[in-house]
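Fold and contact review
Residues per chain are reported as follows:
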Amino acid sequence: MVSLAAGLDPDVNLMDLRMPGGGGVDAIRELGRTGARAKVLVLTTYDTDSDTLPAIEAGATGYFLKDAPREELFSAVRAASEGHTVLSPAVASRLVSAVRTPRAPGNEPLSAREREVLALVAKGTSNREIARELFISEATVKTHLTHLYAKLGANDRAAAVAVAYDRGILG
C-alpha cells in the first residue's frame, strides 16, 4: 500500500484500519516516514477510541465511518486534500468526550458488539464459532477481543469474563 501510494502520488489516500497484509495505523506511520505528500483519510467501520486515537496520532488527516452519507465523504476528501482535519460527527463527539472526561485504562464502556462477543466467549464459544454466529471474520473477532482486554484491563479470555461478571456486564 505504501509503495503504491508513493508511485501514484495521490492527493488523498482513503485507508481502512484493517487491511490484508498489515494494519492501517502502521501504513499511516510509514507514509509519514517516507515523506508522502498525500493526506490520509481513514474510512472504516471501527470507531472506538482505541482505533481513532492511534490513527490520528500516526498522522491521519481525518477519520470517517463507512456508513457516512456520500456527500459528507466527498466533502471530507476535498477538505482533506486542502489540508483540513475532518472527522465524522460521531468520532468528533467521542473525542471531545474523551478529552473532557478521560477514563482510567481498564474502565472504558464496551460497545454493543464487544458485549456480544464477550457473552459468546463466556459460553465457551471459539473465535471461529463467534465469527460464524455474528457474520464477521475471525480477524474481526480477534480485534474485538483485543479491545475487550484493554477496556476491561484483562490479559486473556478467562480474565475478561471474570472482570465482566464482577462489574455486572455479564449476568
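Going by the structure above, here's the rest.
In this text the structure is predicted, and so the values were computed from the model without any measurement. (Residues numbered from 1 in each chain as written. Predicted model: local features only at pLDDT ≥ 70, side-chain atom pairs only at ≥ 80, totals over all residues. Heavy atoms only, no water.)

**Points about the pairing of strand β5 (residues 62-65)**
- The alternating pattern of β5 places Gly62 and Phe64 and Tyr63 and Leu65 on opposite faces, both of which are buried.
- When strand β4 (residues 39-44) meets β5, the two strands line up parallel, connected through four bridges. Counted as the bridge partner of Leu41 is Gly62 from β5. (Buried < 20%, exposed > 50% of the residue type's maximum accessible area, 1.4 Å probe, protein only. Helix = DSSP H or I, 4+ residues; strand = E, 2+ residues; numbered from the N terminus. Pairing = 2+ DSSP bridges.)

**Observations concerning the pattern of salt bridges**
- Following the criterion strictly, the structure yields eight salt bridges and no others.
- With a shortest N-O distance of 3.1 Å, Glu30 and Arg33 are connected by a salt bridge. Of this pair, Glu30 and Arg33 both sit in helix α2 (residues 24-34), three residues apart, which is roughly one turn of that helix.
- Of the charged contacts in the structure, one is a salt bridge between Glu116 and Arg113, with a shortest N-O distance of 3.1 Å. With Glu116 and Arg113 both in helix α6 (residues 112-122) and three residues apart, this pair spans about one turn of that helix.
- When its relative accessible area of 28% is taken as the criterion, Arg113 is described as partly exposed. (Salt bridge = Lys/Arg side-chain N within 4 Å of Asp/Glu carboxyl O.)

**Considering the nonpolar core**
- Counting residues in each nonpolar core, the largest one holds 20 residues, and the members touching the most others are Val117, Leu118, Ile130, Leu145 and Leu152.
- Looking at this core, the elements that each hand over two or more residues are α6, α7 (127-134), α8 (138-152) and α9 (157-166).
- The element best represented in this core is α8, accounting for five residues.
- Not counting residues up to four positions away in its chain, the partners in contact with Leu145 are Val117, Val121, Asn127 and Arg157.
- Ala55, Ala58, Ala60 and Val91 belong to the second largest nonpolar core, which has 17 residues in total. (Core = buried A, V, L, I, M, F, W, Y, C linked by side-chain atoms within 4.5 Å. Contact = heavy atoms within 4.5 Å.)

**Focus on the sheet that holds strand β6 (residues 86-87)**
- Sheet architecture is open: four strands sit in the order β1-β4-β5-β6, paired in parallel fashion. The open sheet has two edge strands with one neighbour each: β1 (12-15) and β6.
- The pairing of β1 with β4 spans four bridges and is parallel. Opposite Met15, over in β4, you have Val42 as the bridge partner.

**As for unusual backbone geometry**
- Residue Phe135 is not a glycine yet carries a positive backbone phi of 60°.
- Summarising the element assignment, Phe135 is placed in the loop between α7 and α8.
- On the basis of relative accessible area, Phe135 is assigned to the exposed category, the value being 76%.

**Overview of the packing of α6 against α9**
- It is at 10 Å that the axes of α6 and α9 come closest, and there the two elements cross at 110°. Of the possible angle classes, the one that applies to α6 and α9 is roughly perpendicular. Of the residues in α9, those touching α6 at Leu118, Val121 and Ala122 are Arg157, Ala160, Val161, Ala164 and Tyr165.
- Residue composition of the contact of α6 with α9, grouped by class: seven nonpolar, no polar and one charged. (Axes fitted to C-alpha atoms, helices over the stretch in contact; angles between N-to-C directions. Parallel < 35°, antiparallel > 145°, perpendicular 65-115°, else oblique. Nonpolar A, V, L, I, M, F, W, Y, C, P; charged D, E, K, R; others polar.)

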